[in-house]
Every structure is written in structure tokens, then in C-alpha cells.
Amino acid sequence: MKAAVTVFPGSNCDRDMKIALERAGFDVAMVWHKDDQLPDVDLVAVPGGFSFGDYLRCGAIAAKAPICRALAAHAERGGYVLGVCNGFQVLTETGLLPGALLRNAGLKYICRTAPLVVAESQSVFTRGYGAGDEIALPIAHHDGNYFADDATLDALEGAGRVAFRYGANPNGSARDIAGILSENRRVLGMMPHPERAAETAHGNEDGARLFAHLTQVLADA
């Protein structure tokens, strides 16, 4: 299985993502924001950090980068995309996922492990869990408050496109949403960091299940 990890000025979880994917069995390429093409890959991961210093809006400048045009084309072809934290913000700014990530309700940066509930287990990203499973993943964000209008939220819930919810909402996200899927269920955006809970040294391997099962499902596809 092959994956690409995008790198923007200000990315700080790109190497963490690369290592987590490699540990799960992916052959990983790093792609710079000025690249206008992606290698032939099964998955593109957009990592966390502070792309372009979070100026303007988080992810807004990154979404205009040449690599994001290639990312959108990859998604339109049915390719898989994983966006984590700042990556989730980038995916909403590109229009690959609905809604927006607003400033945390408490107006403070949050960095801690958050309890999560797996809301669905039928996507390629979540089949390593059971619906209703309680897990814990680190969060580290200032703008993680997921917002969408009621019609969009109803549509997400009605189609089973809410992937993860917070067990204890840390940032004010609408309906406790921590991660959502695209309409074709091949794009996942989530604020918590599975790559920071992917090996024993992290003290928590709940995120490793996402990567391990993703590799298995894509290999069998």
C-alpha cells in the first residue's frame, strides 16, 4: 500500500503521520505544498500543525496550494484521504468536507487526551473499531469547534457520516462531533490525533487500530 503525506510551511505532525503509516505497512512519500502532482498512491494524509501560521483562517491558505488541487483530483477519482487536526481544517476549506472549524468555545488552545466514542464502524477508516467503542486520542488545537448548519448536521447524522464524537466535549463542537466522513465515505477529517496514539511508547495505541485496519482493508480492495 502506498501513501503520501502533504507538507506545508508550519506542518508539525507530518513526520508523526509518516511513521504511523509506515508502522502500519504503508510505503510513504512526503509531498511539498508547491508540488502540483501526487505520486500514484492509495491514500493521501493531510497532517496537523499550523499551515502558513494559521493566518487568515486555519487551513485557508493551504487549501489554495498546488498540492491541494492534486488532492481534490485524487478524491474525485475515489482515492482515500485522511485529514487530522489542521488537515481537517484544510479539507473543509477545500470543500472536500462540509462545515468549518471555529475558535474553541473557551477561546483557549487545548492540548490533552480526549475521550471519544466511535459513532460508526462501516467506513474503511473505522472498521477496526466497533460502533459505540470508547477510545482516547490526544487533541491539540485552538480552532477545533466544528460548526455546520442544522440541515448539514442532520444530513451527516442521517447518512451515518459522523465518524467520532467527543465523550466530553472540549471545544464546543456541534453535536459533540470530532470527525466526519465525505459523502462517498472515502475522506475522513478528524480533530483528534490517531498518529500520536499509535505505539506503546505513546502510552496509548487506540490510534494504531485505525492505521492497521486501513492497511488491511486497502490491501484486500
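Calculation criteria
- Residues numbered from 1 in each chain as written.
- Predicted model: local features only at pLDDT ≥ 70, side-chain atom pairs only at ≥ 80, totals over all residues.
- Heavy atoms only, no water.
- Helix = DSSP H or I, 4+ residues; strand = E, 2+ residues; numbered from the N terminus.
- Rg over C-alpha atoms; globule rule 2.2 N^0.38 Å.
- Buried < 20%, exposed > 50% of the residue type's maximum accessible area, 1.4 Å probe, protein only.
- Contact = heavy atoms within 4.5 Å.
- Areas by Shrake-Rupley, 256 points an atom, 1.4 Å probe, with all protein chains shown as cover.
- Lys, Arg positive; Asp, Glu negative; His and termini not counted.
- Charge placed at Lys NZ, Arg CZ, Asp CG, Glu CD.
- Phe/Tyr/Trp six-rings, centres within 6.5 Å; stacked < 30°, edge-to-face > 60°.
- Pairing = 2+ DSSP bridges.
- Salt bridge = Lys/Arg side-chain N within 4 Å of Asp/Glu carboxyl O.
- Axes fitted to C-alpha atoms, helices over the stretch in contact; angles between N-to-C directions.

Asks: How should the overall build of the chain be read in this particular structure?
Replies: Counting its regular elements, the chain contains five helices and eleven strands. Computed over the C-alpha atoms, the radius of gyration of the chain is 15 Å, within 12% of the 17 Å expected from 2.2 N^0.38 for a compact globule of 221 residues. C-alpha atoms of the chain, sized along the principal axes, occupy 40 × 35 × 35 Å. Across the 221 residues of the chain, 55% fall into the buried class. Summarising the internal contacts of the chain: among those between residues at least 6 apart in sequence, 73% fall at separations of at least 24. In the structure as shown, the chain presents an accessible area of about 9200 Å², 48% of it carried by carbon and sulfur atoms. Looking at the chain, you have 20 positive and 26 negative side-chain charges, and the mean spots of the two groups are 3 Å apart.

Asks: Please explain the side chain of His-141 as it appears in this structure.
Replies: With respect to the element layout, His-141 can be found in strand S7 (residues 134-141). For His-141, a relative accessible area of 2% gives the class buried. Residues within four places of His-141 in sequence aside, it is in contact with Cys-85, Asn-104, Lys-108, Tyr-109, Ile-110, Tyr-166, Asn-171 and Met-191.

Asks: Would you mind going over the packing of aromatic side chains with me for this structure?
Replies: The description of an aromatic ring pair rests on the distance of the ring centres and on the angle between the ring planes. Counted under the stated rule, the structure contains four aromatic pairs. Relative to Phe-52, the ring of Phe-8 lies with its centre 6.4 Å away and its plane at 55 degrees, an arrangement referred to as tilted. One end of the pair, Phe-8, is in the loop between strand S1 (2-7) and helix H1 (14-23); the other, Phe-52, is in the loop between strand S3 (43-46) and helix H2 (66-76), and 44 residues separate them in sequence. Among the residues examined, Phe-8 registers a relative accessible area of 3% and is labelled buried. Ring plane angle 75 degrees and centroid distance 6.3 Å describe the contact between Tyr-80 and Phe-125, whose orientation is recorded as edge-to-face. A residue pair is termed long-range when its members are at least 10 positions apart, and Tyr-80 in strand S4 (residues 80-84) and Phe-125 in the loop between strand S6 (110-118) and S7 qualify at 45 residues. Each member of the pair, Tyr-80 together with Phe-125, is buried.

Asks: Even after reading the chapter, I still don't get helix H3 (residues 86-94), so can you show me in this structure?
Replies: Along an α-helix, a turn takes 3.6 residues, which lines up residues three or four apart on a common side. For H3, the buried fraction is high: seven of the nine residues fall into the buried class. Buried within H3 are the following residues: Asn-86, Gly-87, Phe-88, Gln-89, Val-90, Leu-91 and Thr-92. Backbone geometry just after H3 places Gly-95 at a positive phi near 90 degrees.

Asks: I tried to follow the pairing of S7 on my own but got confused; where do I start?
Replies: The side chains of a regular strand alternate between both faces of the sheet. With respect to burial, S7 is a largely interior element, six of its eight residues being buried. Alignment of S6 against S7, held across eight bridges, turns out to be antiparallel. Paired with Ala-114 across the bridge in S7 is Leu-137.

Asks: Please clarify how the pattern of salt bridges should be interpreted in this entry.
Replies: A side chain of one charge can pair with a side chain of the opposite charge when the charged atoms of the two come close. Tallied over the entire structure, the rule returns ten salt bridges. Its salt-bridge partner being Glu-120, residue Arg-185 comes within 2.6 Å of it at the nearest N-O pair. Taken together, the residues Arg-185 in the loop between strand S10 (177-181) and strand S11 (187-190) and Glu-120 in the loop between S6 and S7 connect sequence positions 65 residues apart. With relative accessibility at 23%, the residue Arg-185 sits in the partly exposed group. What makes Glu-120 buried here is its relative accessible area of 7%.

Asks: Would you explain the sheet that holds S4 in this entry?
Replies: By way of backbone hydrogen bonds, the strands of a sheet pair with one another, either parallel or antiparallel. Taking strand neighbours across the sheet as the criterion, the nine strands line up as S2-S1-S3-S4-S11-S10-S9-S6-S7 in an open arrangement whose pairing is mixed. Sheet topology places strand S2 (27-32) and S7 at the edges, where each strand pairs with a single neighbour. Averaged over all neighbouring strand pairs, the angle between strand axes comes to 20 degrees, with direction disregarded. Two elements, strand S9 (residues 162-166) and S10, share three bridges in a ladder whose sense is antiparallel. Within S10, the residue paired with Phe-164 across the bridge is Gly-179. On the sheet, helix H5 (residues 208-220) packs against S3, S4, S7, S9 and S11 and is oriented at approximately 170 degrees with respect to S4.

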